[in-house]
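Inside the fold
If you want the building blocks of each chain, they are given just below.
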Amino acid sequence: MKGVQNPLKITKIPGIKRVKTRTVPFPESCYFGSMKHTIILFALPLSLFSQSLQHDLDSIMRQTFTPNQPGGGLLIAEGNQILYQNAIGLRDLESKKKLTVRSNFRMASVTKQFTAAAILILEKQGKLSLSDPIRTFFPEFAPVGNSITIGQLLNHSSGIWAYESVMPDDLTEQLSDADVLNLIKDIDKTYFPPGTSYRYSNSGYCLLALLVERASGQSFAKFLKQEIFQPAGMKRTRVYTSDARIRKRAYGFARDAQGQVIFSDQSLTSATKGDGGVYTSLEDYQKWNEVLLANQFFDLEYLLRQTGTSLPDGSSYSLGWFYRDTPENGMVMFHSGSTCGFSNLVIRLPKQGIAIACFSNIANNHKAFQPVLDYLTKAGILQTDIWDWHDLTD
């Protein structure tokens, strides 16, 4: 199918409200006569063109991933309607089990939006305030913790020390969130005065997971299951623990210097929960999209604008999301996730109800989805370059 990219002239019809629209790759049969003629265009839902999207994206996915290797999955939804959902490749090389839309990928830093949601739910329950100093919940923390608030952990403006920089060189066992606290709690300094700048921090989100436990009296995994996953209908989504049974689990892989695929599922930092420990599927992630769109737990767009810290490029960060307000699409939201065996991207355009999720069980494989994003950009669905945001995540 060839898309028509010419700008469209919008004619206002008396008595009919003019609405903003987006350009999509219409089949040629949608056009009549010369493109010089005026075309009357209403707010046509993207779902009207789902058949064309299905065909084109199937072709792109087949060119990107192969059935007999670790691969990836793609979700595109508009509101509650799934426009495209597919996975190609293997979730386990040894057993040759295939990836499907129900395969559970490790989310890595995409987890941060769930950790933030748990904090917001606890605030709604009256068990904490975003303005609380972290020493309210971590009295063992150095005095600098009196100047660091929960909200600053959420928007990466705390300046808290990176645990990766103080990990012992002889470490042989995986770190937990509690280990992260022990590594940094006695460091009585920050990279900058809290609240004055931005520095992406996995440490902050590990502390937030512990804070969830201390404020709720439950384990982080149990709280997320009870307060988020079950109400959202995310039946297969889990927080990783070494003894957790994760159904349809995708295992992580990487490519060595020769380009050969090798098993690479876990690392020394793979057991921390708050910064990267959630496993979910394309199917379950769409349920999360629907929850956010319906403001079932909270009004995310409003809270982002209330809590965000500004970045040099004019965008902002808070609550597990990079975001920017644009004249074309309203708010654009993004986050990526990277581990030794997984590469993920998620994008939301809440004004249009559009959600995009790209999951791969191959490390450093985000750019494999570039053809998909290029296609969506040419279709007028995406109008923001997300790669600068990706470069800001760890």
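For the structure itself, look to the data block above.
Here goes a summary of the coordinates provided. Fair warning: this is a prediction, and the values are worked out from it, not measured in the lab.

So, about the overall build of the chain. When helices and strands are tallied, the chain shows 10 helices and 15 strands. When contacts within the chain are restricted to residue pairs at least 6 apart in sequence, those whose partners lie at least 24 apart make up 66%. For the chain, the accessible area works out to roughly 17200 Å², and carbon and sulfur atoms hold 49% of it.

Let us look at the packing of helix α2 (residues 112–124) against helix α6 (residues 220–232). Helices that pack against each other are described as a pair by the angle of their axes relative to one another and the distance between those axes. At a minimum axis distance of 10 Å, the contact between α2 and α6 shows a crossing angle of 75 degrees. Judged by the inter-axis angle, α2 sits roughly perpendicular to α6. Note on element contacts: α6 touches α2 through F220, F223, L224, E227, I228 and F229, opposite F114, T115, A117, A118, I121 and L122. When grouped by side-chain class, the residues that make up the contact of α2 with α6 number 10 nonpolar, 1 polar and 1 charged.

With 12 residues, helix α7 (residues 282–293) extends 16 Å between its outermost C-alpha atoms, agreeing within 8% with the 16 Å of an ideal straight helix rising 1.5 Å per residue. Counting buried positions along α7 gives 9 out of 12 residues, so the element sits mostly inside the fold. Inspection of α7 places L282, E283, D284, Y285, Q286, W288, N289, V291 and L292 among the buried residues, and these make up the whole buried set. N295, located one to two residues past α7, shows a positive phi value of around 55 degrees.

Across the sheet, which stays open at both edges, the 8 strands sit in the order β2-β1-β15-β14-β13-β12-β11-β10 with antiparallel pairing between neighbours. Among the strands making up the open sheet, the edge pair consists of β2 (81–88) and β10 (309–310). Its contacts with the sheet put α7 on β1 (72–78), β2, β12 (321–326), β14 (343–349) and β15 (354–360), and the angle it makes with β1 is roughly 30 degrees.

About the cut-offs
- Residues numbered from 1 in each chain as written.
- Predicted model: local features only at pLDDT ≥ 70, side-chain atom pairs only at ≥ 80, totals over all residues.
- Heavy atoms only, no water.
- Helix = DSSP H or I, 4+ residues; strand = E, 2+ residues; numbered from the N terminus.
- Contact = heavy atoms within 4.5 Å.
- Areas by Shrake-Rupley, 256 points an atom, 1.4 Å probe, with all protein chains shown as cover.
- Axes fitted to C-alpha atoms, helices over the stretch in contact; angles between N-to-C directions.
- Parallel < 35°, antiparallel > 145°, perpendicular 65-115°, else oblique.
- Nonpolar A, V, L, I, M, F, W, Y, C, P; charged D, E, K, R; others polar.
- Expected span 1.5 Å × (residues − 1).
- Buried < 20%, exposed > 50% of the residue type's maximum accessible area, 1.4 Å probe, protein only.
- Pairing = 2+ DSSP bridges.

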